[in-house]
Amino acid sequence: MWDRGAYEKLKAHFPEAILGVEESRGEVSVRVKAEEVLKVAKFLREDPELSYDMLVDLCGVDYPEREERFEVVYLLHSMKDNRRLRLKARVREGESLPSVQEVWRAANWLEREVYDMFGVRFEGHPDLRRILTWQGFEGHPLRKDYPVEGKEEGFELPPEPPDLEPPEWLKEEGDGRYMIVNMGPQHPSTHGVLRVILKLEGEQIVDAVPVLGHLHRGVEKLAETMSYLKAQTLTDRLDYTAAFSNNLAYMMAVEKLFGIEPPKRAQYIRVMLAEFSRLTSHLLWLATHALDIGAMTVFFYCFRERETILDILEAISGARLTPSFLRIGGVAKDLPDGIEERIEKFLDEFPSRIAEYEALLSKNPIWLKRTKGIGVLQPDDAINCGVTGPVLRGSGVRWDVRKALPYSSYEEFEFEVPIGERGDTYDRYLVRLEEMRQSARIIRQALRKIKDTPPGDIVIKDPYLSPPPKDQVQKEPHALLRHFKYFSEGPAPLPGEAYMSVEGPKGELGWYLVSDGTPKPYRFRVRPPCFVNLQALPLMVKGHLVADVVAVIGSIDIVLGEIDR
Amino acid sequence: MGIESRIPPGILLTTLEGIVNWARKNSIWPVTFGLACCALEMMVTSSSALDIARFGAEVFRPSPRQADLMIVAGTVTKKMAYMVRRIYDQMPEPKWVIAYGTCASSGGIFRTYNVVQGVDQIVPVDVYVPGCPPRPEALLDALMKLQEKISRERFSSRPDYVRALRPEEIR
Ligand code: SF4
């Protein structure tokens, strides 16, 4: 868990560079001098005792009233010992930090994002361009003095598309041997609005450069204007294929800030919904992945099951895709009558449905040709790139947030974490199929556990953190006032910060929230699994053919809402 | 005028406008083009549960050059706006646009620096569908509304209408 010993060791090694240690909500952050970040990072990774081999997240926070205005926050993870540590470095306006991109490749895009959003530069970064907005964009949106609605009134079409030209370094050494081809952002197989610039030699891929931001909606900025409860609606719309997972990760971070834990029944309901989310997400992935590769039937089969699940979820939460079903300290509603039978019925059928997909694909020669040995990702590369979720497990690393850092009572559930052997597209396919079976297993257990808890015990009883019951609101003025205050302003946690993550269908999905003691989050940072996973795309497609890009993108299972935020 | 009685059975009389509109409204091919969350619900309409083929609109075309309908399903950002317009421009006439979801209709909940507040700032919209996301049935409803609109269309009021020159206009 959180590493309390690292500070002493670091302090002994770098007495100058280590400025101090902070603890908030049980999470340990070490403050490092900005210039020394690279040295410390190298040590953290290479020291056999510390061995922080994965950079989980890197983000910025803006404190305009401080002299050292920007804080860059690094979240590290050690696979070997399952430990976490946060580093923080502060810089003034105009100052820069050394890039840690050579230590953890994951930092490449994350640093670009900090540069884009805050204007903090990273020395030694090979490709420090804007990533979510475009070259030529004015200002840095996540700075506190940047208005949410932007600086210009209205909107006019630009004379040419943003980021039209591929980056300079891609174009070099062009003696007619290479060709640059643009794929997307409107392309049926890029799963939304991803654009990839491909450098080809014949049909072989020499390099691939994803261009992001075509769905950048400014969620992190917008959330800073909303109360903690209301910001949940934004989380639905990040990874819209699995909204409950997002709700869960976010709400747990909020609950950590408030220092509360929901009742058991609510936790089990959350687990059940999160696993259903995984199913809808994986079914959608299989449907589109198979469609991309040319298997149309699977699409219809998967959507059939997905609809059944969506119907169940709709009966529980009232919405198909965007439920915002969780509340601070619980869930919005108890399960409706008769839902158990529907779920049981679905669970009884589901294994035979998975067998159907397998019968269509697993031994299909075309499928094998298109997926076996395609897009291989080595485990070391995967960890270094910060890759998580089925992609990491496909490469043979048995790591799952549900097991490593259990949350919402996952430690009480029995399930396996499947892994692949070769790390190719086919293995990732197998891993996800098996995960679907395991999810069904978890749902069954959750259902049983829910039955053993008292009905109605779905949210903590705290007059500050939850609204008064509806019938009281209609009778008593106090309750009405409290209701009004709750929904117009919302509860405020004490200042501090918290990070919570879940094993989303795509990987580690986390929220890093900073509170300044007001009812609105001061910083609302999403740790986006797809964004980080997609960074491994160039590694995976080099040397393959153009058609394989489609298979590999499909097997990473991206969703642009969450990549671009 | 009694003319119907003189025509052999099996032949139907209609105006050219009527029959062209009838053909057009029953073969609206959408361009495969999803932007965000709403696109998932758009995909559902083509799955077996709702089967958009009943309306002759199941042929999702990845190339705008073969499509008649752009379903703008999702948030249009400023970075993406140029491409949306470009896709629209690449579609041959006659063409129609459905703004599916509040994002496409008005920017939705995202009143932020990178979101275009409604796709109608970029392309003309025929049918707006509210909802975040709207149910897939709502898309079918929009499609039917569009069909109604098409069946009422006059050639002369279409933007692609080419009128013959009058004699006095010929020099
Ligand atoms: S309207 Fe709602 S569901 Fe549709 S794209 Fe916008 S946010 Fe997503």
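Below is a short write-up of the structure. All figures in this text were calculated on a predicted structure; none of them were measured in a lab.

Focus: the overall build of chain A
1) Next: A count of helical and extended segments in chain A gives 21 helices and 15 strands.
2) Next: Against the compact-globule benchmark of 24 Å for 565 residues, chain A has a radius of gyration of 24 Å, which places it among compact chains.
3) Next: In terms of overall dimensions, chain A has C-alpha extents of about 80 × 60 × 55 Å along its principal axes.
4) Next: Each of the 565 residues in chain A was classed as buried or not, and the buried ones make up 64%.
5) Next: Contacts in chain A between residues at least 24 apart in sequence constitute 69% of all its contacts with a sequence separation of at least 6.
6) Next: By element, 52% of the accessible surface of chain A is carried by carbon and sulfur atoms, the whole surface being about 20,600 Å².
7) Next: Of the charged side chains in chain A, 76 are positive and 90 negative; the average position of the first set lies 3 Å away from that of the second.

Details of the sheet that holds strand S9 (residues 195–201) of chain A
Residue and element names in this part refer to chain A.
1) Next: Here three strands make up an open sheet; going across it, the order is S8-S9-S10 and the pairing antiparallel. Each edge of the open sheet carries a strand with a single partner, namely strand S8 (179–183) and strand S10 (204–211). Across the sheet, the mean angle from the axis of one strand to that of its neighbour is 20°, orientation sign disregarded.
2) Next: With five bridges connecting them, S8 and S9 associate as antiparallel partners. By the bridge assignment, Val-181 is partnered in S9 with Leu-198.
3) Next: Sitting on the sheet, helix H20 (residues 546–556) touches S8, S9 and S10, and the angle it makes with S9 is about 145°.

Remarks on the interface of chain A and chain B
1) Next: If you look at the interface, chain A gives 52 residues, while chain B gives 41 residues.
2) Next: Carbon and sulfur atoms supply 69% of the area buried between chain A and chain B, which totals about 4,000 Å² over both sides.
3) Next: Looking at the side of chain A facing chain B, the largest losses of area belong to A:Phe155, A:Gln186 and A:Arg217, adding up to 18% of the total buried there.
4) Next: Put simply, chain A and chain B have two salt bridges between them.
5) Next: Here A:Glu314 and B:Arg135 are joined by a salt bridge, their closest N and O atoms 2.4 Å apart.
6) Next: Between the two partners, chain A and chain B, sit 12 residue pairs in polar contact (both at pLDDT 80 or more).
7) Next: Of all the secondary structure elements, the ones that give two or more residues to the side of chain A that touches chain B are helix H5 (219–223), helix H8 (264–293) and helix H9 (296–317) of chain A.

How each quantity is defined
- Residue indices follow the written sequence of each chain, beginning from 1 at its first position.
- Chains carry letters from A onward and ligands carry numbers from 1 onward, assigned in written order.
- With pLDDT at 70 or above as the cut-off, local features in this predicted model cover only qualifying residues; side-chain atom pairs require 80 or more to be listed or tallied, and sums for whole chains, interfaces and linings still use all residues.
- Side-chain metrics in this entry use all non-hydrogen atoms of the structure; hydrogen atoms and water are not considered.
- A helix here means a DSSP run of H or I that spans at least four residues, while a strand means a run of E at least two residues long, and both kinds are numbered starting from the N terminus.
- In this description the radius of gyration comes from C-alpha coordinates, and the expected globular size is given by 2.2 Å times residues to the power 0.38.
- Buried residues are those whose accessible area, probed at 1.4 Å on protein chains only, stays under 20% of the maximum for their type, while exposed residues exceed 50% and partly exposed ones sit between those limits.
- By definition in these notes, contact holds between two residues if any of their heavy atoms fall within 4.5 Å.
- To be clear on the numbers: accessible area is Shrake-Rupley with a 1.4 Å probe, and residue cover counts the displayed protein chains and nothing else.
- None of His or the chain ends enter the tally, which takes Lys and Arg as positive and Asp and Glu as negative.
- One atom stands in for each charge, and that atom is NZ of Lys, CZ of Arg, CG of Asp or CD of Glu.
- Pairing between strands is defined by DSSP: at least two bridges between them are needed.
- Here an axis means a line fitted to C-alpha atoms, over the contact stretch when the element is a helix, while the angle between two N-to-C directions is reported on a 0 to 180 degree scale.
- When two parts are brought into contact, each loses some accessible area as probed by a 1.4 Å sphere; the total of that loss over both is the buried area.
- For salt bridges, the criterion is a side-chain nitrogen of Lys or Arg within 4 Å of an Asp or Glu carboxyl oxygen.
- Pairs of N or O atoms are called polar contacts if they sit within 3.5 Å, as long as, within protein, a hydrogen donor faces a hydrogen acceptor (for residues adjacent in sequence, only side-chain-to-side-chain pairs).

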